[in-house]
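One letter stands for each residue in the lines below.
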Amino acid sequence: MIQIYYLCMLVISFVCAAIYIYMWHKHFDVNFTMIFTLIPIANVGYLLTCLSKTLEGQVRAVQVVYIGGCFLHLFILYSIINMCKVELNRIVRTVLFVICAIMYGSILNIGHSKLFYKSYTLDTSREIPVLIKEYGFMHTVFYVFVVLSLVSGIVTIVISLMKKKQIPRMIIYLLIIPDALCTLSYFAGKIFPKDIDLVPLGYVISEIVFLLIAYRRNLYDISDTVIDSMIHEQSVGYISLDFNYRYLGSNDVANELIPELSDMAIDEPFGYKPSQRKVRHFIDSFTKNQNNSFVFTVHDKDDNPDNDRIYDVNVNYLYDASRKRGYIITFTDDTTNKKYISLLDSYNEDLQDEVKEKTAHIVEMHDNLIMSLAMMVESRDNSTGGHIKRTSEGVRLLIDEILKEGNLPLSEKFCHDIIKAAPMHDLGKIAVDDAILRKPGRYTDEEYDIMKTHAAEGARVIHGILLNTDDEEFKVVAENVAHYHHERWDGSGYPEKLSGEDIPIEARIMAIADVYDALVSKRVYKEAFDFKKADEIIMEGMGTQFDPKLKCAYENARPKLEAYYSKARESESTFLKQEK
């Protein structure tokens, strides 16, 4: 039975080593290779301890076992130091290896010196022969070395978790297991002596963990094997993400283009911060439409168009050998070519003016088409009408106050895009059945669940309408307004249950204008609230339903909102009298 246990541990350790060899490539840590070499050798020694029937055979088996015992802890420590990107002095590294070599030298001299074992005899009364030892000075040194290796490894891991964001968290957590397991399994056998030693099992589990680390580590080093020559030859930036949109890494060029990358931790979710949403949008377009080519413009800080930088963006799958492991986004500076083309175009100003005029006409037609579609959707709704126009004005008034405050860095283009996108926020209702949309009363739970689908459906519709637009920034804003205007600051909204600043700012602004209009307007299921009651509800929602940072802007806009809605009510009343 004991022999079967040791044989199984040996076979499994060789299988793990074979898997490692199959996975191996030049970017693997050399310490990993040493670990996968030493563990099978040590397990050979453990198998020999139960097969050897003589005193000399037992001593030789122990000498094989301690090849792993002396050196394995050292290489595990080295691997932790390397993975945590800690610089270890060459002299210190060499001294530690020499200490292990001296310890193993004392083991090789068992029988010739009393440094490791003062004396030893063979107990043949058990199921398998057992070597009974009296430990010497070097065995105590071995104990101390094992404990110090464990402590040093854990301290290195803890410091890295606290201070180094660019160290992969998943790998750090995994590194704790073999570091602790190899030591604890060794001392467990000393505290609870049994015929079966737990160390081989600890070694095998450690091998499995190191296989997981090696597999995951390929992702973080993939930049070493992709586009290196491109980086040396031209200004190319790249960002790599896994399929769960976790951040894997980026180079200096990408960090300059998107400054927030410098503060991101490895494995942190990507795509929710303002400057990341456009890149996330590129990936979404790639996965949905297989369109992998985009344009990314970096505007000059002094608003000088001549100094703008223009980048060609390509989204592709991130490969590890032949396996898809995520996405890689590359940014290639194409400013010179783009400006050269622009220079050629400038030689025919008349043609440019004509093209500009026609383009403006097409944009106007496009905008009118979208507005007509929005009004068509509104005509199907059970509201009293005018919701699109009123909410658009509400957004404009809020934007005006936000710009006056200056607390939120919103560009003029971005503000224009929000106001332009506001009428499109309920386009998703086009997919809601008339029986629900025009119901003269409150919805049941089932009907409300169907009604809530209009947010995600609106984003899908807008994505299709604006698929080939040149104004990528407006496309993102319009989709966000439709998709997220029912999200709540506390995360209890729909459809994605986003919270806080994960909700795009354009959707947070739209939410206030949308709810305010719903409160002060008459609906089939309620009368219009007076301005005081509506204001109380909005103010109560600051910090739960709405972004508290927009509270001041809303308060400043409130008199203008009330004036606008008062005028709108008067116009509506006059119209109804004329109809009668």
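Conventions used here
Residues numbered from 1 in each chain as written. Predicted model: local features only at pLDDT ≥ 70, side-chain atom pairs only at ≥ 80, totals over all residues. Heavy atoms only, no water. Helix = DSSP H or I, 4+ residues; strand = E, 2+ residues; numbered from the N terminus. Buried < 20%, exposed > 50% of the residue type's maximum accessible area, 1.4 Å probe, protein only. Axes fitted to C-alpha atoms, helices over the stretch in contact; angles between N-to-C directions. Parallel < 35°, antiparallel > 145°, perpendicular 65-115°, else oblique. Contact = heavy atoms within 4.5 Å. Nonpolar A, V, L, I, M, F, W, Y, C, P; charged D, E, K, R; others polar. Pairing = 2+ DSSP bridges.

Okay, unusual backbone geometry next. The peptide bond linking Tyr494 to Pro495 adopts the cis configuration, its omega dihedral lying at 10°. For Asp267, which is not a glycine, the phi torsion comes out positive at approximately 75°. Along the chain, Asp267 falls in the loop between helix H9 (252-257) and helix H10 (274-289). Residue Asp267 is classed as buried on the basis of its relative accessible area of 12%. The phi torsion at Lys497 lies on the positive side, around 55°, for a residue other than glycine. Considering the arrangement of structural elements, one finds Lys497 in the loop between helix H18 (472-484) and helix H19 (505-520). Residue class for Lys497 comes out exposed when judged on its relative accessible area of 55%.

Contact geometry of H10 with H18 gives a least axis separation of 11 Å together with a crossing angle of 85°. With respect to H18, the element H10 is oriented roughly perpendicular. Side by side, H10 and H18 meet where Arg277, Lys278, His281, Phe282 and Ser285 of the first sit next to Glu472, Glu473, Lys475, Val476, Glu479 and Asn480 of the second. For the contact of H10 with H18, the per-class residue count stands at 2 nonpolar, 3 polar and 6 charged.

On to the sheet that holds strand E6 (residues 309-320). On the basis of which strands lie adjacent, the open sheet formed by 5 strands has the order E4-E3-E7-E6-E5 and antiparallel pairing. Looking at which strands have only one partner, the edges of the open sheet turn out to be strand E4 (247-250) and strand E5 (293-298). Averaged over all pairs of adjacent strands, the angle between strand axes in this sheet comes to 25°, irrespective of strand direction. As defined by bridge partners, E6 adjoins strand E7 (residues 323-333) across 10 bridges and the pair is classed as antiparallel. Looking at E7, one finds that Tyr317 is bridged to Tyr327. Across the sheet, H10 touches strand E3 (236-242), E5, E6 and E7, and the angle it forms with E5 is around 170°.

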